[in-house]
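These are the residues of each chain, in order.
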Amino acid sequence: MSILIRDAVEGDVEGIARVHVQGWRESYRDFLSPEALAGLSVEERTRMWQKAFAQPDPRARLLVAEAAGGEIVGFAGGGPIRRENADRLGAESEIFAIYLLDRVKRQGLGRRLMRGVLDHLGRQGCRSAGLWVLKENHPARRFYEALGGTPGAEQSFDLRGQPVVEVAYRFELTQP
Ligand SMILES: CC(C)(COP(=O)(O)OP(=O)(O)OC[C@H]1O[C@@H](n2cnc3c(N)ncnc32)[C@H](O)[C@@H]1OP(=O)(O)O)[C@@H](O)C(=O)NCCC(=O)NCCS
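Computed from a predicted structure; not experimentally measured.

We now examine the nonpolar core. In terms of nonpolar packing, the biggest core is built from 49 residues, with Phe75, Met114, Tyr144 and Phe171 touching the most fellow members. Of all the secondary-structure elements, those providing two or more residues to this core are helix H1 (13-27), strand S2 (61-67), strand S3 (72-80), strand S4 (93-100), helix H5 (109-123), strand S5 (128-134), helix H6 (138-146) and strand S7 (162-172). For this core, the element with the most residues is H5, which contributes six residues.

Given below as structure tokens:
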């Protein structure tokens, strides 16, 4: 299947929200409770992504993976570090999210999406990027390590009523 990676446009918000919810349900079912996953809503995520488009930041980049026929099957976004993460992640920029549907995993799309976002952040002058990943999310941790990310600090918090631990990953970015 040929899949296009391109910059997201406002008309993609519903597709992105659907991948966000389905991606959680498919990928997190082994380590999040059914109650936490059942509470996810495409409408709520659509509103969240609409807000992001209403306040665009040229330093940020949101990419989508589009299958033939126009279906959004994945996305990744990153931008300057948000205030709440500045101290804890210790990086100049961050990856906000990266999700693919199960049926398109392990075809190199995650690598293409991450590369596109990290290269953009490097072009903005950022020397590093960080992110948080659930400690038990071993497939994603192996993915980040395959792309050169190094693990660091841990944080605990309450995710939709469930206590979880996250690990920080850091990427050194090359300057153009
Ligand atoms: C993590 C994710 C983005 C990876 O995307 P992907 O397209 O499947 O990964 P790629 O095909 O680009 O893999 C690149 C390399 O990462 C490593 N990798 C990827 N998935 C892996 C897995 N499940 N187990 C072990 N290594 C893995 C491999 O080294 C792989 O190279 P190879 O295929 O040549 O061996 C995708 O699995 C995903 O969306 N997961 C669910 C959502 C999620 O957990 N997001 C992270 C939130 S913090």
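The discussion continues.
Lining the immediate environment of the ligand, one finds 21 residues, of which Leu100, Arg106, Gly108, Gly110 and Asn137 sit closest. Note that an oxygen atom of the ligand is positioned 2.8 Å from one of the backbone N or O atoms of leucine 100. Here asparagine 137 contributes a side-chain N or O atom positioned 2.8 Å from an oxygen atom of the ligand. In isolation the ligand has 920 Å² of accessible area, and contact with the protein removes 79% of it. Going through the elements one at a time, S4, H5, S5 and H6 are the ones with two or more residues in the shell around the ligand. A per-class count over the shell around the ligand returns 12 nonpolar, five polar and four charged.

Quick look at the sheet that holds strand S1 (residues 3-7) now. What the seven strands build is an open sheet, ordered S1-S2-S3-S4-S5-S7-S6; its pairing is mixed. Each edge of the open sheet is held by one strand with a lone partner, namely S1 and strand S6 (150-159). With direction set aside, neighbouring strand axes in the sheet form an average angle of 25°. In terms of strand pairing, S3 meets S4 through seven bridges, oriented antiparallel. Paired with phenylalanine 75 across the two strands is tyrosine 99, which belongs to S4. Contacts from H5 reach S1, S2, S3, S4, S5 and S7 within the one sheet, and its direction differs from that of S4 by about 160°.

Summed over all chains, the structure comprises 14 salt bridges. Put simply, glutamate 71 and arginine 18 hold a salt bridge, and the shortest N to O gap is 3.7 Å. Of the two residues, glutamate 71 is situated in the loop between S2 and S3 and arginine 18 in helix H1; the sequence distance between them amounts to 53 residues. Note on glutamate 71: relative accessible area 30%, which makes it partly exposed. Residue arginine 18 is classed as partly exposed on the basis of its relative accessible area of 27%. Through salt bridges that share partners, Arg6, Asp12 and Glu66 make up one connected network.

By the secondary structure assignment, glutamate 26 is in helix H1. Buried and without a salt bridge, glutamate 26 has lysine 105 as its closest oppositely charged side chain, separated by 5.5 Å.

To continue, consider the UniProt feature "domain: N-acetyltransferase" (unreviewed entry) in the chain. Feature annotation in UniProt places "domain: N-acetyltransferase" (unreviewed entry) on residues 3-176, given in this structure's numbering. This span, residues 3-176, is 37% helix and 33% strand, and a straight line between its end C-alpha atoms measures 27 Å.

Turning next to the packing of aromatic side chains. Within a pair of aromatic rings, the relevant descriptors are the distance that separates the centres and the angle that separates the planes. If you walk through the whole model with that rule in mind, you get eight aromatic pairs. Both rings, one in phenylalanine 75 and one in tyrosine 99, keep their centres 5.9 Å apart while their planes meet at 35°; by these two values the pair is tilted. Of this pair, phenylalanine 75 sits in strand S3 while tyrosine 99 sits in strand S4, and the two are 24 residues apart along the sequence. The residues phenylalanine 75 and tyrosine 99 share a single accessibility class, namely buried.

How each quantity is defined
Residues numbered from 1 in each chain as written. Predicted model: local features only at pLDDT ≥ 70, side-chain atom pairs only at ≥ 80, totals over all residues. Heavy atoms only, no water. Core = buried A, V, L, I, M, F, W, Y, C linked by side-chain atoms within 4.5 Å. Buried < 20%, exposed > 50% of the residue type's maximum accessible area, 1.4 Å probe, protein only. Helix = DSSP H or I, 4+ residues; strand = E, 2+ residues; numbered from the N terminus. Near = heavy atom within 4 Å. Polar contact = N/O pair within 3.5 Å; in protein donor to acceptor, adjacent residues only side chain to side chain. Areas by Shrake-Rupley, 256 points an atom, 1.4 Å probe, with all protein chains shown as cover. Nonpolar A, V, L, I, M, F, W, Y, C, P; charged D, E, K, R; others polar. Pairing = 2+ DSSP bridges. Axes fitted to C-alpha atoms, helices over the stretch in contact; angles between N-to-C directions. Contact = heavy atoms within 4.5 Å. Salt bridge = Lys/Arg side-chain N within 4 Å of Asp/Glu carboxyl O. Lys, Arg positive; Asp, Glu negative; His and termini not counted. UniProt positions renumbered as here; feature names shortened; annotations may be inferred. Phe/Tyr/Trp six-rings, centres within 6.5 Å; stacked < 30°, edge-to-face > 60°.

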